[in-house]
Amino acid sequence: MGRATSQAGLVIRLERLVVGYLDTNCWIIAPDLPGRPPALIVDPGDDPDYLAAAAASYEVVGVLLTHAHADHVLALTALAESLNAPIIGHPAEREVWAAELDHLKRHGYLDAGTATAGLVANGQAPRPTPGIPLWDGHLDQEITTPTTISLGPLDVQIIPTPGHSPGSLSLYADGHLFTGDTLFPGGPGLTSPDYPLTDFPAIMQSVRTLLTHPPETTIHPGHGPDTTVGTELPYVETWQTRGW
Ligand SMILES: [Zn+2]
Ligand SMILES: [Zn+2]
């Protein structure tokens, strides 16, 4: 759990819960208020019981997917049902999820991008956990343009950032960016002619938009450690030139 004081004196409360076969960062975002503050859960990648237990300290107002690669959504339906919380995402991600299910049907395991071959070679081919219902593509709230969701006094901006997938979303709240698989320490997330529905020019446009936030802004990616806008900004032209 982390706390950070904002310019306005508000304190944001963050919990990072690492789940699933690619160690996805699932986030709980809330204002640091007593009792059960309103919260958003971002990217319930797997392990719905673990996430539901953590969520019990909050009044969960929504479960949001940054995008619909399997490592970000395997617990989505189970968690949303157990919390009776709406599912929030971009409708373009239905096509991404359909491609994931198609890969599972044709190959017997999920496509985890560049990590897939290594996981398969280690006998850890990514598959859904038996007994956990798969997402059916339903969204209770569709986000296609910049949208603010208020958690009591804490405004969370939802920002469409296409490229890693057509409906990728990032979030900004109180000095913190949550970038899904759009931006990591060292560059943008995976785009490749070999990986369906990705778009390098689009992700670079999205990365440039995210990096207009102040240099001290913390970046929380969908996997692995944090970075800051100021750390990454000097390398944008290097990423553009190398093409990935
Ligand atoms: Zn992804
Ligand atoms: Zn991911």
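Residues numbered from 1 in each chain as written. Chains lettered and ligands numbered in written order. Predicted model: local features only at pLDDT ≥ 70, side-chain atom pairs only at ≥ 80, totals over all residues. Heavy atoms only, no water.

**Student:** Which parts of the structure should I look at to understand the overall build of the protein?
**Tutor:** When helices and strands are counted, the protein shows 8 helices and 15 strands. The globule rule puts the C-alpha radius of gyration for 244 residues at 18 Å, and the 17 Å found for the protein is close to it. In terms of overall dimensions, the protein has C-alpha extents of about 50 × 45 × 30 Å along its principal axes. Each of the 244 residues in the protein was classed as buried or not, and the buried ones make up 53%. Contacts in the protein between residues far apart in sequence, at least 24 positions, make up 58% of those at least 6 positions apart. Of the roughly 10300 Å² of accessible surface on the protein, 54% is carried by carbon and sulfur atoms. Positive and negative side-chain charges in the protein, numbering 10 and 27 respectively, have mean positions lying 2 Å apart. (Helix = DSSP H or I, 4+ residues; strand = E, 2+ residues; numbered from the N terminus. Rg over C-alpha atoms; globule rule 2.2 N^0.38 Å. Buried < 20%, exposed > 50% of the residue type's maximum accessible area, 1.4 Å probe, protein only. Contact = heavy atoms within 4.5 Å. Areas by Shrake-Rupley, 256 points an atom, 1.4 Å probe, with all protein chains shown as cover. Lys, Arg positive; Asp, Glu negative; His and termini not counted. Charge placed at Lys NZ, Arg CZ, Asp CG, Glu CD.)

**Student:** Which parts of the structure should I look at to understand the UniProt feature "domain: Metallo-beta-lactamase" (unreviewed entry) in the protein?
**Tutor:** UniProt records the feature "domain: Metallo-beta-lactamase" (unreviewed entry) for residues 23–223 in the present numbering. Secondary structure content for residues 23–223 is 26% helix and 27% strand, and the end C-alpha separation is 6 Å. (UniProt positions renumbered as here; feature names shortened; annotations may be inferred.)

**Student:** Teacher, can you tell me more about the pattern of salt bridges here?
**Tutor:** Note on pairing: side chains with opposite charge can pair once their charged atoms come close. The final tally for this structure, using the stated rule, is 5 salt bridges. Of the charged contacts in the structure, one is a salt bridge between Glu59 and Arg36, with a shortest N-O distance of 2.9 Å. A residue pair is termed long-range when its members are at least 10 positions apart, and Glu59 in strand S5 (residues 59–64) and Arg36 in the loop between strand S3 (24–31) and strand S4 (38–42) qualify at 23 residues. What makes Glu59 partly exposed here is its relative accessible area of 44%. (Salt bridge = Lys/Arg side-chain N within 4 Å of Asp/Glu carboxyl O.)

**Student:** Quick question: what am I supposed to make of helix H6 (residues 200–210) here?
**Tutor:** Side chains of residues three or four places apart in an α-helix project in the same direction, reflecting 3.6 residues per turn. When H6 is considered as a whole, its buried residues turn out to be Phe200, Ala202, Ile203, Met204, Ser206, Val207 and Leu210. Where H6 begins, one side-chain oxygen reaches toward the backbone nitrogen of Ala202, 3.0 Å away; that side chain belongs to Asp199. (Polar contact = N/O pair within 3.5 Å; in protein donor to acceptor, adjacent residues only side chain to side chain.)

**Student:** What's the story with the packing of aromatic side chains in this structure? I'm lost.
**Tutor:** The description of an aromatic ring pair uses the distance of the two centres, along with the angle that the planes make with each other. All told, the structure shown has 2 aromatic pairs when counted by the stated rule. Ring centres of Trp27 and Phe178 lie 5.4 Å apart, and the angle between their planes is 65°; on these two criteria the pair is classed as edge-to-face. Remark: Phe178 occurs in strand S11 (residues 176–180) and Trp27 occurs in strand S3; sequence separation between them is 151 residues. With a relative accessible area of 1%, Phe178 lands in the buried category. Both rings, one in Trp97 and one in Trp135, keep their centres 6.2 Å apart while their planes meet at 45°; by these two values the pair is tilted. Of this pair, Trp97 sits in helix H4 (residues 93–107) while Trp135 is found in the loop between helix H5 (116–121) and strand S7 (141–142), placing the two residues 38 residues apart along the sequence. Judged by its relative accessible area of 4%, Trp135 falls in the buried class. Above the face of the Trp244 ring, Arg242 is positioned so that its terminal group lies 3.6 Å from the ring centre. (Phe/Tyr/Trp six-rings, centres within 6.5 Å; stacked < 30°, edge-to-face > 60°. Lys NZ or Arg CZ within 6 Å of the ring centre and 35° of its normal.)

**Student:** Would you explain helix H1 (residues 48–55) in this entry?
**Tutor:** Considered for burial, the residues of H1 that qualify are Pro48, Leu51, Ala54 and Ala55. Projected down its long axis, H1 carries its buried residues within an arc of 125°, all on one side. Along H1, the residues that are exposed and aim more than 90 degrees away from the buried face are Asp49 and Ala53. Looking at the buried positions of H1, the neighbouring elements they touch are strand S2 (11–19), S3, S4, S5 and helix H3 (76–83). (Arc of directions from axis to C-beta.)

**Student:** Quick question: what am I supposed to make of the coordination of the zinc ion (ligand 1) here?
**Tutor:** Angles between donor atoms at a metal ideally measure 109.5 degrees for a four-coordinate tetrahedral arrangement and either 90 or 180 degrees for a six-coordinate octahedral one. Surrounding the zinc ion (ligand 1) are the protein donor atoms His67 (NE2), His69 (ND1), His164 (NE2) and Asp181 (OD), at 2.1 to 2.4 Å. Around the zinc ion (ligand 1) sit 4 donor atoms; with metal-centred angles ranging over 89 to 174°, the donor geometry is irregular. Positions of the donor residues of the zinc ion (ligand 1) along the chain correspond to the pattern H-x1-H-x94-H-x16-D. (Donors = N, O, S within 2.8 Å, 3.2 Å for Na, K, Ca; no water. Tetrahedral: all angles 85-135°; square planar, octahedral: opposite > 155°, others 65-115°.)

**Student:** How should I be thinking about unusual backbone geometry in this particular structure?
**Tutor:** Excluding glycine, most residues fall at negative phi; most peptide bonds, likewise, are trans. With a phi angle near 60°, Asp47 is a residue other than glycine that sits in the positive phi range. Position of Asp47 among the secondary structure elements: in the loop between S4 and H1. Asp47 gets classed as partly exposed once you look at its relative accessible area, which sits at 38%. Positive phi values are uncommon outside glycine, yet Leu197 reaches one of about 70°. Relative to the assigned elements, Leu197 resides in the loop between strand S13 (187–188) and H6.

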